[in-house]
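Coordinate analysis (summary)
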Amino acid sequence: MSLTLAVDGERWRGHLRSVAATTPGLVPVAKGNGYGFGRGRLARKAQWLADQGLGVDTLAVGTYEELPEVASRFAGSLLVLTPWRPWVADLDPGLARRVVHTVGRLDDLAALRERDPAARVVLERLTSMKRHGFSGDDLRTALASGRHEGVAVHLPLAAGAHLPEVERLLGEAGNTIGALWVSHLTADELGRLRSAYPSLVVRPRVGTALWLGDRDALQVTATVLDVHPVARGEAYGYRGRRAPRAGHLVVVSGGTAHGIGLEAPTGQGSVRARAATVARGSLDALGRVRSPFTIDGEARLFAEPPHMQASMLFLPAGARVPAVGDRVPVRVRFTATDVDRVEIT
Ligand SMILES: *Cc1c(COP(=O)(O)O)cnc(C)c1O
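Not measured: the values here are computed from a predicted model. (Residues numbered from 1 in each chain as written. Predicted model: local features only at pLDDT ≥ 70, side-chain atom pairs only at ≥ 80, totals over all residues. Heavy atoms only, no water.)

1. Side note on the site of the ligand
Formally: By convention in this text, a residue qualifies as near a molecule or strand provided that one of its non-hydrogen atoms is within 4 Å of it. Side-chain atoms alone can form a polar contact between residues adjacent in sequence; in general such a contact is a pair of N or O atoms within 3.5 Å, and within protein one must be able to donate a hydrogen while the other accepts it. Here the Shrake-Rupley method, with its probe set to 1.4 Å, supplies the accessible areas, and only the displayed protein chains count as covering residues. Under the scheme applied here, ten amino acids are nonpolar (Ala, Val, Leu, Ile, Met, Phe, Trp, Tyr, Cys and Pro), four are charged (Asp, Glu, Lys and Arg), and all others, including Gly, are polar.
Around the ligand, the neighbouring residues are Val29, Lys31, Tyr35, Leu81, Arg131, His154, Ser183, His184, Arg205, Val206, Gly207 and Thr208. His154 places a side-chain nitrogen or oxygen 3.4 Å from a nitrogen atom of the ligand. Within the contact set of the ligand, a nitrogen atom lies 3.5 Å away from a side-chain nitrogen or oxygen of Arg205. For the ligand, whose unbound accessible area comes to 380 Å², protein coverage reaches 88%. Considered class by class, the residues forming the shell around the ligand number 4 nonpolar, 5 polar and 3 charged.

2. Considering the pairing of strand 14 (residues 290-295)
Defined as follows: Between any two strands, pairing holds if DSSP finds at least two bridges. Labels follow the DSSP assignment, with helices taken as runs of H or I lasting at least four residues and strands as runs of E lasting at least two, numbered in each case from the N terminus.
The sheet contact formed by strand 14 and strand 15 (residues 298-302) spans 3 bridges and is antiparallel. Note that in strand 15 the partner of Thr294 across the bridge is Ala299. With antiparallel pairing between neighbouring strands as the criterion, strand 14 and strand 15 make up a hairpin whose turn holds 2 residues, including Asp296 at a positive phi of roughly 50°.

3. Observations concerning unusual backbone geometry
Rules: Using a 1.4 Å probe on the protein chains alone, a residue whose accessible area is under 20% of its type maximum counts as buried, one over 50% counts as exposed, and one in between counts as partly exposed.
If you check the backbone angles, Lys130 has positive phi at about 55° while not being a glycine. The residue Lys130 is located in the loop between strand 6 (120-124) and helix 6 (136-144) in this model. Lys130 gets classed as exposed once you look at its relative accessible area, which sits at 63%. Despite not being glycine, Asp296 has its phi angle at roughly 50°, a positive value. Within the secondary structure layout, Asp296 lies in the loop between strand 14 and strand 15.

4. A few points about the packing of helix 7 (residues 162-173) against helix 8 (residues 187-196)
Rule in force here: To obtain each axis, a line is fitted to C-alpha atoms, and for helices this fit is confined to the stretch in contact; angles are then taken between N-to-C directions over 0 to 180 degrees. Every angle not falling under 35 degrees, over 145, or within 65 to 115 is termed oblique; those three ranges are roughly parallel, roughly antiparallel and roughly perpendicular. The sense of a crossing depends on the near helix, which, turned anticlockwise from the far helix by less than a right angle, makes the crossing left-handed and, turned clockwise, makes it right-handed. Should any heavy atoms of two residues lie within 4.5 Å, those residues are considered in contact.
The interhelical angle for the contact between helix 7 and helix 8, taken along N-to-C directions, is 30°, at an axis separation of 10 Å. On the basis of the axis angle, helix 7 is roughly parallel to helix 8. Helix-helix and strand crossings are classified by hand; for helix 7 and helix 8 the assignment is right-handed. Residues His162, Leu163, Val166, Glu167 and Leu170 of helix 7 pack against Glu189, Arg192, Leu193 and Ala196 of helix 8.

Shown next, in the form of structure tokens:
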């Protein structure tokens with residue numbers, strides 16, 4: 001029994017459809033752990049959106065290594081978000097014409113075109129995030145140097161100052177952009193951009209707000225694998241720790257291999273001391289760290305640091321004791337959690 005992501009399929013699909021219908025030019029992003037769903041599943045869902053005539057012609061992945069898994073499930077163009085570098089292996093011919101490379105340095109642009117003169121490229125402009133991309137001058141050079149499919153900007157998450165930054169970059173590049181590939185603009189900002197620049201094709205790249213935008217459609221649960229009563233002072237666990245009071249040890253599925261960690265420390269001690277405890281991945285005494293697992297309506301404390309595939313929780317006397325096989329809710333960061341099963345109903 002496993003750590004499971006249960007998806008209310010009708011509700012989730014309804015959300016995906018409504019985002020696609022209200023976001024012209026949408027480029028779904030299926031990178032990393034596939035936002036908890038897996039990249040392959042997201043690629044199939046992107047194809048499903050495309051099949052409904054919702055205009056999804058391009059899917060984005062994070063890295064070249066992620067291409068094969070989505071390429072067999074989504075038929076359109078594939079944008080790679082990590083900028084191309086000379087060490088990227090040549091693509092096989094079947095894939096090469098579907099892939100849109102992101103390029104952010106003049107040397108790379110020249111090297112890529114030398115390797116594949118017909119390479120499809122999006123030119124990335126460095127933003128205030130300062131991750132990748134051309135300076136303004138280099139972007140103008142790149143825009144003038146040959147065929148391209150637009151300019152990409154990756155904006156910081158904090159909303160507010162986005163539009164002025166985008167407008168400044170547009171001002172620099174003039175009318176030669178064609179398409180602007182953007183992330184993290186609100187619907188309102190996208191609308192204002194479209195009306196201010198009617199000839200600009202806006203391509204919003206969206207991951208989180210698409211796949212995870214309706215949290216109530218998603219629930220992650222762990223399975224109760226075992227339950228043991230413990231008396232006050234009784235030893236348990238890898239380190240023979242002693243129970244400070246009577247209750248139950250509840251062993252649930254979900255551990256470090258799934259991305260379940262120690263988080264949200266509670267109890268005594270300075271913030272700094274508690275942070276150090278968490279960083280060491282160790283507990284000096286029971287009851288210092290709250291787990292993401294909820295039993296009988298409350299987030300329960302880890303009885304000891306999570307194991308590789310299971311976690312041991314302490315349930316104090318008086319709480320309702322779950323049965324082996326029960327499912328209990330888990331609060332997770334979807335982009336950092338690998339579930340064992342996805343159940344779409
Ligand atoms: C990951 C990523 C996105 C999508 O980000 P979300 O916050 O998940 O929507 C968009 N653009 C780039 C360049 C990215 O790397």
